[in-house]
Amino acid sequence: MDGVMAMRAIGLWSCPCVRKCFYGARPSWCMRLLFYLSGEHTGMAEAEVRALFETYHIPWRCLLLEHQVAIYEAEIFPGLSRLSMTHKILSVDFSLSKQPFRVRVKKLLSEADTLQLEREIADDLQKEYGRIPVDLENPEQEVYCILQKGKRFLGQTVMDFPYSYEGRKPHYRPYFHPSSVHPRIARTLVNLGRCSREVLDPFCGTGGILIEAGLMGLEVKGLDVSEHMVAGTRTNLEHFGIRTHRIFQGDATRLHNHFQEVESVVTDMPYGKASRLTSSRKQLYESAFESIRDVTKKACIVLSRPYDFERLGYEEREHFILHVHKSLDRHVYVLSVQ
Ligand SMILES: C[S@@+](CC[C@H](N)C(=O)[O-])C[C@H]1O[C@@H](n2cnc3c(N)ncnc32)[C@H](O)[C@@H]1O
């Protein structure tokens, strides 16, 4: 059974926009890839996928976006391994070999007997492909079905993203400070910043953003006004095997003293305790944003409140709000400078 028949058999075929794209003329590079997105913040998860397509200049077209399922016409490329808010990537147009396989079903906002459904899908596939050995523990190929709000989406797993952030959480680093962002969010911010070569964090703190950037193979640059933080960032980077870095003690409102031009700036601003912006913080933000604008064309900036970046000459491409706890939101701005 090919992808079309499989979808017919289990229901995805009923989705008009997927059906339409099957019959349309498709360029040869295209595959239909299904991204099973994190439910934590689906908007940001979807934006992260698009950001990587743009970073690596991959032509793409969105065919379907429903809650935790996004289907794109695009190609698979190594840079997708950077994704932090995607659980799995499936190829919708799959064809199975004779190698051992298994079927897994994930229920999202649905009621169903998962084991029963896995067996049914496996039986259908066996009918179409002839006898293929089943290996539930260590299969060569996996067919994955997402049952979302009663609608079935099927594909072959082409990339898996096991959750591996535990050991990099701030309290496991040699230098700890509670202000650091969770490594998964740090990675998303780097990806939203659309960097393919290097990233600068001008308020680097303990290096949470730079650790993730360094682990993705990007060149890391950082600045912090506190000498302790600078030393802490260097220690943390080296702890994770990131030995090439340029971290300085300095003022983020005067970036040109240290850096001429950088590909992208990704940063988490100092928040302070007050819910209103104090005048000194307002001044710090404005001067820092002007300084960032003068050294880069792409930025991803996190603050604890909304901010009018357009007034300073930025184009606001995206704005997400993350609820951290009752009294703290994080506003994530994806910006560009013309
Ligand atoms: C919210 S923390 C950054 C947290 C960081 N993302 C991490 O993972 O640890 C903000 C940092 O900004 C630094 N900072 C405050 N004013 C600064 C300035 N004018 N220039 C550079 N750094 C500054 C503080 O020392 C603090 O380390």
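A.B. asks: Would you mind showing me how to read the packing of helix H5 (residues 183-192) against helix H6 (residues 208-215) here?
C.D. replies: Packed helices, taken two at a time, are described by the angle between their axes plus the distance between the axes. Where H5 meets H6, the axes come as close as 8 Å, and the angle between the chain directions of the two elements is 65 degrees. Classified by the angle their axes make, H5 and H6 are roughly perpendicular. The hand of the H5/H6 crossing is right-handed. Across the interface between the two elements, Pro183, Ala186, Arg187, Leu189 and Val190 of H5 pack against Gly208, Ile209, Glu212, Ala213 and Leu215 of H6.

A.B. asks: Help me understand the pattern of salt bridges, please; the structure alone is not making it clear to me.
C.D. replies: A side chain with one charge may pair with a side chain of the opposite charge, provided their charged atoms come close. Under the defined criterion, the tally for this structure stands at 23 salt bridges. Among the ionic pairs, Arg61 bridges to Glu73, the shortest N-O distance being 3.1 Å. One end of the pair, Arg61, is in strand S2 (residues 61-66); the other, Glu73, is in strand S3 (residues 69-74), with 12 residues separating them in the sequence. Classification of Glu73 by relative accessible area gives buried; the value is 4%.

A.B. asks: Help me understand the environment of Tyr307 in this model?
C.D. replies: Position of Tyr307 among the secondary structure elements: in the loop between strand S12 (298-303) and strand S13 (314-325). On the accessibility criterion, Tyr307 (11% relative accessible area) is buried. C-alpha of Tyr307 to C-alpha of His319: the two residues are 12 residues apart in sequence and 10.0 Å apart in space. In contact with Tyr307, other than residues within four places in its own chain, are Tyr285, Glu286, Phe289, Leu312, Glu316 and Tyr333.

A.B. asks: Help me understand the nonpolar core, please; the structure alone is not making it clear to me.
C.D. replies: Among soluble globular proteins, nonpolar side chains are generally buried collectively. Judged by nonpolar contacts, the single largest core of 74 residues is most densely connected at Phe35 and Phe289. At seven residues, helix H3 (residues 42-55) tops the list of elements feeding residues into this core. Counting contributing residues per domain, this core is built from domain 1 (3-160) and domain 2 (166-337), each supplying no fewer than three. Filtering out sequence-adjacent residues up to four positions away, Phe289 remains in contact with Met269, Ile301, Leu303, Tyr307, Phe309, Leu312 and Tyr314. Counting residues in hydrophobic clusters, the runner-up holds 15 residues, among them Phe94, Phe101, Val103 and Leu154.

A.B. asks: Any chance you could explain the site of the ligand here in plain terms?
C.D. replies: Neighbouring residues of the ligand: 21 residues in total, closest Ser180, Thr206, Gly208, Asp224 and Ala252. The separation between an oxygen atom of the ligand and a polar side-chain atom of Ser180 is 2.6 Å. Between the ligand and Asp224, the relevant distance is 2.7 Å, taken from an oxygen atom to a side-chain nitrogen or oxygen of the residue. For the ligand, whose free accessible area comes to 610 Å², the fraction covered by protein is 89%. Taken together, the residues of the shell around the ligand sort by class into 10 nonpolar, eight polar and three charged.

A.B. asks: How should unusual backbone geometry be read in this particular structure?
C.D. replies: With glycine set apart, most residues show a phi of negative sign, and most peptide bonds adopt trans. For His57, which is not a glycine, the phi torsion comes out positive at approximately 55 degrees. Within the fold, His57 resides in the loop between H3 and S2. On the basis of relative accessibility, which here comes to 69%, the residue His57 falls in the exposed class. Within the chain, Arg194 stands out as a residue other than glycine whose phi angle is a positive 55 degrees. Its place among the elements puts Arg194 in the loop between H5 and strand S8 (198-201).

A.B. asks: What's the story with H5 in this structure? I'm lost.
C.D. replies: It helps to recall that an α-helix has 3.6 residues per turn; residues three or four apart then point in one direction. With 10 of 10 residues buried, H5 is to be regarded as a mostly interior element. Residues of H5 that are buried: Pro183, Arg184, Ile185, Ala186, Arg187, Thr188, Leu189, Val190, Asn191 and Leu192. On its buried face, H5 is in contact with H3, H6, strand S11 (265-268), S12, S13 and strand S14 (328-337). Arg194, located one to two residues past H5, shows a positive phi value of around 55 degrees.

What counts, and where the lines are drawn
Residues numbered from 1 in each chain as written. Predicted model: local features only at pLDDT ≥ 70, side-chain atom pairs only at ≥ 80, totals over all residues. Heavy atoms only, no water. Axes fitted to C-alpha atoms, helices over the stretch in contact; angles between N-to-C directions. Helix = DSSP H or I, 4+ residues; strand = E, 2+ residues; numbered from the N terminus. Parallel < 35°, antiparallel > 145°, perpendicular 65-115°, else oblique. Left-handed = near helix turned anticlockwise from the far one by under 90°. Contact = heavy atoms within 4.5 Å. Salt bridge = Lys/Arg side-chain N within 4 Å of Asp/Glu carboxyl O. Buried < 20%, exposed > 50% of the residue type's maximum accessible area, 1.4 Å probe, protein only. Core = buried A, V, L, I, M, F, W, Y, C linked by side-chain atoms within 4.5 Å. Domains from an automatic or database assignment. Near = heavy atom within 4 Å. Polar contact = N/O pair within 3.5 Å; in protein donor to acceptor, adjacent residues only side chain to side chain. Areas by Shrake-Rupley, 256 points an atom, 1.4 Å probe, with all protein chains shown as cover. Nonpolar A, V, L, I, M, F, W, Y, C, P; charged D, E, K, R; others polar.

Bear in mind that shape data such as this cannot, by itself, settle questions of function.
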